Amino acid sequence: MSANQKNQTEVTADTEQNVDTTYPGDVENANNMSTEAEEAAQEQASEQELEQLRKESEENYQRYLRAQADFDNFRRRTRLEKEEFAKYASMKVIEQLLPVLDNLERALNAGQEGKDYEALHKGVDMISRQLDQALANEGLQAMESVGQPFNPEFHQAIMQVESEEHEEGIVVEEIQKGYLLKDKVLRPAMVKVSS
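Parameters and conventions
- Residues numbered from 1 in each chain as written.
- Predicted model: local features only at pLDDT ≥ 70, side-chain atom pairs only at ≥ 80, totals over all residues.
- Heavy atoms only, no water.
- Buried < 20%, exposed > 50% of the residue type's maximum accessible area, 1.4 Å probe, protein only.
- Helix = DSSP H or I, 4+ residues; strand = E, 2+ residues; numbered from the N terminus.
- Pairing = 2+ DSSP bridges.
- Salt bridge = Lys/Arg side-chain N within 4 Å of Asp/Glu carboxyl O.
- Polar contact = N/O pair within 3.5 Å; in protein donor to acceptor, adjacent residues only side chain to side chain.
- Contact = heavy atoms within 4.5 Å.

Q: Is there a simple way to explain the pairing of strand β6 (residues 189-194) in this structure?
A: The element β6 is largely enclosed, with a buried count of five among its six residues. With six bridges connecting them, strand β2 (residues 155-161) and β6 associate as parallel partners. Counted as the bridge partner of valine 161 is serine 194 from β6. With four bridges joining them, strand β3 (residues 171-176) and β6 adopt antiparallel strand pairing. Looking across to β6, one finds that valine 171 is bridged to valine 193.

Structure follows, in structure tokens:
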């Protein structure tokens, strides 16, 4: 081998040795750099995820506040509507009773002017029927008590009387009418009951 070739072989061997030779610190530094890069990427992803969660949390909180405000407004509006309804609930009944009141005033005026008691009686009877009709339109109905078995839900016994034509526990006489409003007892009838 010539000297040139020998030098070239030695240079190649030295280069290969330099290339193949890696220092343990270099590998560790390279690994540390890649680990640090991964950690930085993970940290950045975590920060982005955290920021996204913060935005969602803020949006949900704002939605909650709007829903709470809407509910408070609804509750206040409902309360005001109930108060107004209770305040004017009798308006419809009063409107139906106003013509009765007008006719009653006319009858009283007519009774003062003349002595026609038959006409006065006829007018008051018409007013009574008009009043009954107005109340019936609102669901009021008189109870039929006489001849019925005594029922403490519908009747208030004020007296017991002996009766040969009725068996025991039957309503014999009605002292004061009882009324039902739709399906509820508004006022029980005051009655005498057979014993």
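Now that the structure has been shown, the text picks up again.
Q: Even after reading the chapter, I still don't get the pattern of salt bridges, so can you show me in this structure?
A: Side chains that differ in sign of charge can pair as their charged atoms come close. Taken as a whole and assessed by the stated rule, the structure comprises six salt bridges. Ionic pairing is found between arginine 75 and aspartate 72, a salt bridge with its closest N-O pair at 2.6 Å. Remark: aspartate 72 and arginine 75 occur in helix α2 (residues 24-87); sequence separation between them is three residues, near one turn of the helix. On the basis of relative accessible area, arginine 75 is assigned to the partly exposed category, the value being 46%.

Q: When you look at the side chain of serine 194 in this model, what are you seeing that I'm missing?
A: Looking at where serine 194 falls in the secondary structure, it is placed in strand β6. Here serine 194 falls in the buried class, since its relative accessible area comes to 1%. Only 2.5 Å separates the side chain of serine 194 from the backbone oxygen of glutamate 167, close enough to count as a polar contact. The residues contacting serine 194, other than those within four sequence positions of it, are Val161, Ser163, His166, Glu167, Glu168, Gly169, Ile170 and Val172.

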